[in-house]
Amino acid sequence: VTGDGEVVVDARGLRCPAPIIALARVARAEPPGTLVAVLATDPAAATDVPAWTRMRGHELLSSESDDDGALRLVVRLV
Amino acid sequence: MSARVVLDVGGGAPLLPRAREAFLAALDEGWADPRRLHAEGRRARALLDGAREAIAAAVGARTEEVDLAPSHVAALHSAVRTVTQGRRRIGADVVVGAVERAAVLRSADFVTARGGGTRVTVPVDRDGRVDVAAMADAVARPGVALAALQHANGEVGTLQPVDEVHAAARAAGVPLLVDAGSSLGHVPVGDDWDVLAANPADWGGPHGVGVLVTRASVRRSPDGPPDEERWFPGGVAVPAALAAAVSLQEAQSDAAAADTARRDLIGVVRRRVAAEVPDVEVVGNPLHALPHVLTFSCLYVDGEALTGALDEVGFAVGSGSACTSDTLVPSHVLVAMGVLTHGNVRLALPRGTAREDVERFCDVLPAIVTRVRAQLGAAGL
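Residues numbered from 1 in each chain as written. Chains lettered and ligands numbered in written order. Predicted model: local features only at pLDDT ≥ 70, side-chain atom pairs only at ≥ 80, totals over all residues. Heavy atoms only, no water.

Draft legend 1. The arrangement of the sheet that holds strand 4 (residues 119-122) of chain B in detail. Residues and elements named next belong to chain B. The strand order 2-8-7-6-5-3-4 describes an open sheet built from seven strands, whose pairing is mixed. Taken across any chain shown, the strands that pair with only one partner, and hence form the sheet edges, are strand 2 (66-69) and strand 4. Geometrically, the sheet is characterised by an average inter-axis angle of 20° between neighbouring strands, direction not taken into account. By the bridge criterion, four bridges tie strand 3 (residues 93-97) to strand 4 in an arrangement that is parallel. Its bridge partner lying in strand 4, V94 is registered against R119. Of the strands in this sheet, strand 3, strand 4 and strand 5 (144-148) are in contact with helix 4 (residues 102-115), which crosses strand 3 at around 165°. (Pairing = 2+ DSSP bridges. Helix = DSSP H or I, 4+ residues; strand = E, 2+ residues; numbered from the N terminus. Axes fitted to C-alpha atoms, helices over the stretch in contact; angles between N-to-C directions. Contact = heavy atoms within 4.5 Å.)

Draft legend 2. Structural view of the side chain of E281(B). As for its position among the elements, E281(B) is in strand 9 (residues 280-283). Residue class for E281(B) comes out buried when judged on its relative accessible area of 11%. A polar contact of 2.7 Å, which involves the side chain of E281(B), links it to the side chain of R54(A). (Buried < 20%, exposed > 50% of the residue type's maximum accessible area, 1.4 Å probe, protein only. Polar contact = N/O pair within 3.5 Å; in protein donor to acceptor, adjacent residues only side chain to side chain.)

Draft legend 3. Spatial organisation of the interface of chain A and chain B. Between chain A and chain B, the residue contacts involve 17 residues of the former and 24 residues of the latter. Here chain A and chain B share an interface that buries about 1,700 Å² over both sides, 61% of which is from carbon and sulfur atoms. Summed over the shared surface of chain A and chain B, the number is two salt bridges. The tally of links from chain A across to chain B stands at nine residue pairs in polar contact (both at pLDDT 80 or more). Those elements that provide at least two residues to the side of chain A that touches chain B are helix 1 (18-29) and helix 2 (45-56) of chain A. Considering every element that reaches the side of chain A that touches chain B, the biggest residue donor is helix 2 of chain A, with seven residues. Of the residues contributing to the side of chain A that touches chain B, the split by class is ten nonpolar, one polar and six charged. (Buried area = accessible area lost by both parts, 1.4 Å probe. Salt bridge = Lys/Arg side-chain N within 4 Å of Asp/Glu carboxyl O. Nonpolar A, V, L, I, M, F, W, Y, C, P; charged D, E, K, R; others polar.)

As structure tokens, then:
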């Protein structure tokens with residue numbers, strides 16, 4: 001957990017579906033309201049994190065590319 | 001081991017029986033160069049002209065509007081290149097739907113980069129259907145050389161609103177290229193097009209030939225060195241052309257029955273997969289769709305492992321997942337739709353698919369998905 005209350009899932013270097021599985025593990029362990037930041041280099045994560053969020057009823061807050069080209073997506077668990 | 005069950009024939013279906021006969025007959029009858037003036041050359045020319053005439057009749061066009069290409073990809077490349085070349089004084093922009101075939105998107109990139117234009121990409125909804133208002137707006141802007149919208153998407157089956165988009169394009173004076181590469185031979189393609197491309201290999205014809213139909217009203221210019229065969233230099237193989245025409249007649253003659261039978265089977269897969277596989281997303285429009293195509297994605301599953309496991313037990317299926325592509329990027333169609341790209345299975349049923357084979361596929365799938373999830377440590381997520 002970082003200082004601003006986000007749980008970080010560092011999935012850089014992993015290929016789908018591994019980033020989504022890592023995200024789902026955290027989602028199972030953390031309480032509703034938790035913010036989860038997913039870091040990923042797999043281009044599929046840009047589509048699959050929002051799709052997982054929708055299928056699981058969570059909320060996607062943001063999706064952006066970091067300076068190093070990695071994706072950073074923030075999800076609020078519901 | 002039981003017989004193979006092939007559920008992945010998009011762009012490459014088994015050759016229909018009469019197409020095979022026509023191909024073999026044309027090898028004997030049509031071996032000569034159709035450009036020669038002797039009797040043998042004229043015989044080959046007659047077969048080629050007959051093929052074009054039959055294809056023209058099947059799509060509601062005039063024979064001289066039909067050109068035969070060496071492949072479906074070549075037909076699409078040529079359509080984009082020659083129409084934008086012919087209309088270069090009007091503009092350099094190309095408007096495309098986001099889920100067009102890669103050959104359309106890449107040739108649009110190619111001609112716009114060369115001509116100083118822009119590729120305008122119109123988004124699709126969750127079903128893969130293009131945004132009509134956005135496309136109508138895009139074609140109405142000045143400087144558009146060409147618009148392209150597929151008749152139906154070959155990966156997810158969704159039919160596109162070609163009637164509305166064609167009306168908008170016509171009002172703007174912009175020709176519409178309709179890629180019917182997954183539709184012709186399966187469903188009626190109508191006449192909402194100015195340029196039509198189709199793929200014989202998809203409907204049970206041979207590989208090595210593509211169809212491009214261009215209304216006489218569309219201005220186009222050759223984009224390459226001159227040849228007697230103006231649009232596809234060197235022409236096409238006569239046996240492939242004849243077999244393409246015969247197979248189209250054969251496919252259309254029982255299209256209604258094949259439609260009903262396969263639509264029914266796709267309905268079985270759609271219902272059983274949604275009911276029996278946990279955490280699955282069946283995508284595409286269930287009603288306005290091709291009769292034989294279905295795609296679904298399984299959460300926490302590796303598409304390569306899933307298609308590999310199905311192959312091991314006798315089922316050939318496709319996938320749009322990143323891990324199944326050479327470039328390791330997911331299908332641009334699934335991305336544009338915003339649906340899950342991993343764990344993807346893509347089906348395109350051949351004519352004559354047996355119900356028991358489809359039921360057996362549905363029987364084995366849940367346990368295979370469970371096994372792949374367990375291997376990834378994703379059970380119970």
